Every structure is written in C-alpha cells, then in structure tokens.
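# Fold and contact review
Chain by chain, the residues:
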Amino acid sequence: MMSIIVKMMTPNKPAETFKNGIRRAWLEENRIALIITSGDPSREAIDTWAQVTTSTIRHWSPDDPIILLHDFTNLDMGIMPYVYRRADDVYATMPKGQCGYNAVVLGSGIFNNVLSVFVGRLRGRHRNLKEQLFTTREDAHTWLHNQMRTASTTIA
C-alpha cells in the first residue's frame, strides 16, 4: 500500500501598513518578512522602520533563521548616516546564536555604492547576519529563497 503525504501550505499573514507608509508583508509561508519603505526621508519614518523591523525580529521563532527583505528602493540618500545608526540598533537586537539573512533592495546608482560601505561595517558587527544588496526585489527574493534552502539542508 502506497501512502501519500500532503503538505498543507500555510497562508501568508495579511500585509500591514504602519506610520509613514512603512509596510510589512510575508512571503514563502511567513518565512520571509518583506519590509517596504515609502521613501519618506524623515527621521520619524526611519524610526518606524526600525520599530517594525525590531518587532519582527523579536517575534521570530528561535528555531528558525530570521529572514528579512527590505525594500529601500525609494529611500532618499540624504538620510544615510541616520539609517545606518538605526540599522545598527535594529540588528543588535538579533538573538545571539540565531542566524539571519537580510536582503536589501536599493535603487541603482551612487546610493547603492554608498550603502555598500555601511553594510560592510554592519557585517563586521553582526556576524550571525548574512546580508546582500540588490537592485530588484525579485533578485533579493531569489537569493533569500536559496539561503532558506541551504539553511534547511544544513540543519536537516
């Protein structure tokens, strides 16, 4: 007798909208948190992004890698030092020993080059976080999907 195992797909949680146009959606059966900025260059908007990201990290299952996709496509480069400072605060909240994957989507151009310097500094401080920059959300999602597959085969 042959048995068939059927895996039920978990529906993604509904998307949420926060102050300053910050949005959070879920992909891959809630295994990837997509956090999107509206492009609002105010400190208040960056603080909202930091609060949403920190909350997302704190509520993550300790048994799973933290997987984040940030879409900063519309972000104004003028606030870069403040974004860096807040990102450092956010990633400092990652639980010790829990790995994470972070894909950051930026517009193309000089902003991408400037941010890569800041990301390199963050990597040095948060070694359990693997991070990559992208110019499209699709490429970022593909990279995260591949990281998930690699992590699950390593754990299994």
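All of the points below concern the structure found in this document. (Residues numbered from 1 in each chain as written. Predicted model: local features only at pLDDT ≥ 70, side-chain atom pairs only at ≥ 80, totals over all residues. Heavy atoms only, no water.)

What follows covers the nonpolar core. If you look at the biggest cluster of nonpolar residues, it comprises 39 residues, and the most contacted ones within it are W49, L69, Y91 and L144. Looking at this core, the elements that each hand over two or more residues are β2 (23-27), β3 (32-36), α1 (43-58), β4 (66-71), α2 (80-91), β5 (100-105), β6 (129-134) and α4 (137-155). Residue contacts for L69: discarding those within four places in its chain leaves L27, I32, A33, L34, I35, A103, V105, R137, A140, H141 and L144. (Core = buried A, V, L, I, M, F, W, Y, C linked by side-chain atoms within 4.5 Å. Buried < 20%, exposed > 50% of the residue type's maximum accessible area, 1.4 Å probe, protein only. Helix = DSSP H or I, 4+ residues; strand = E, 2+ residues; numbered from the N terminus. Contact = heavy atoms within 4.5 Å.)

Let us now look at the pattern of salt bridges. The final tally for this structure, using the stated rule, is six salt bridges. Taking the shortest distance from any N to any O, the salt bridge between E28 and R31 comes out at 3.6 Å. A salt bridge links D89 to R86; the nearest nitrogen and oxygen atoms lie 3.3 Å apart. In this pair, D89 and R86 are both assigned in helix α2, three residues apart and thus about one turn of the helix distant. It is possible to trace a salt-bridge network through shared partners that takes in D47, R86 and D89. (Salt bridge = Lys/Arg side-chain N within 4 Å of Asp/Glu carboxyl O.)

Let us now look at unusual backbone geometry. The backbone of N20 shows a phi angle near 60 degrees, a positive value even though the residue is not glycine. Residue placement: N20 occurs in the loop between β1 (16-17) and β2. Within the chain, N30 stands out as a residue other than glycine whose phi angle is a positive 70 degrees. Within the fold, N30 resides in the loop between β2 and β3.

On to the environment of D63, then. The topology assignment puts D63 in the loop between α1 and β4. Spatially, the C-alpha atoms of D63 and Q98 are 8.0 Å apart, while their sequence positions differ by 35 residues.

Spatial strand order, β1-β2-β3-β4-β5-β6: six strands in an open sheet with mixed pairing. The sheet is open, and its two edges are formed by β1 and β6, each paired on a single side. Pairing analysis gives two bridges linking β1 to β2, with the strands arranged antiparallel. Bridge pairing in β2 links E16 to R24. (Pairing = 2+ DSSP bridges.)

Attention shifts here to the packing of aromatic side chains. Going through the model one piece at a time under the given rule, you end up with three aromatic pairs. Judged by centre distance (5.8 Å) and plane angle (40 degrees), the rings of W26 and W60 are tilted. With W26 in strand β2 and W60 in the loop between α1 and β4, this residue pair connects regions lying 34 residues apart in the sequence. Plain terms: the ring middles of F134 and W143 are 5.7 Å apart, the flat faces sit at 50 degrees to each other, and that makes the pair tilted. A single burial state applies to F134 and to W143, both of which are buried. Here the basic side chain of K13 rests over the ring of W26, its NZ or CZ set 4.2 Å away from the ring centre. Over the aromatic face of Y82 sits the side chain of R43, whose NZ or CZ is 4.2 Å from the ring centroid. (Phe/Tyr/Trp six-rings, centres within 6.5 Å; stacked < 30°, edge-to-face > 60°. Lys NZ or Arg CZ within 6 Å of the ring centre and 35° of its normal.)

Purely spatial values, then, with no claim about function.
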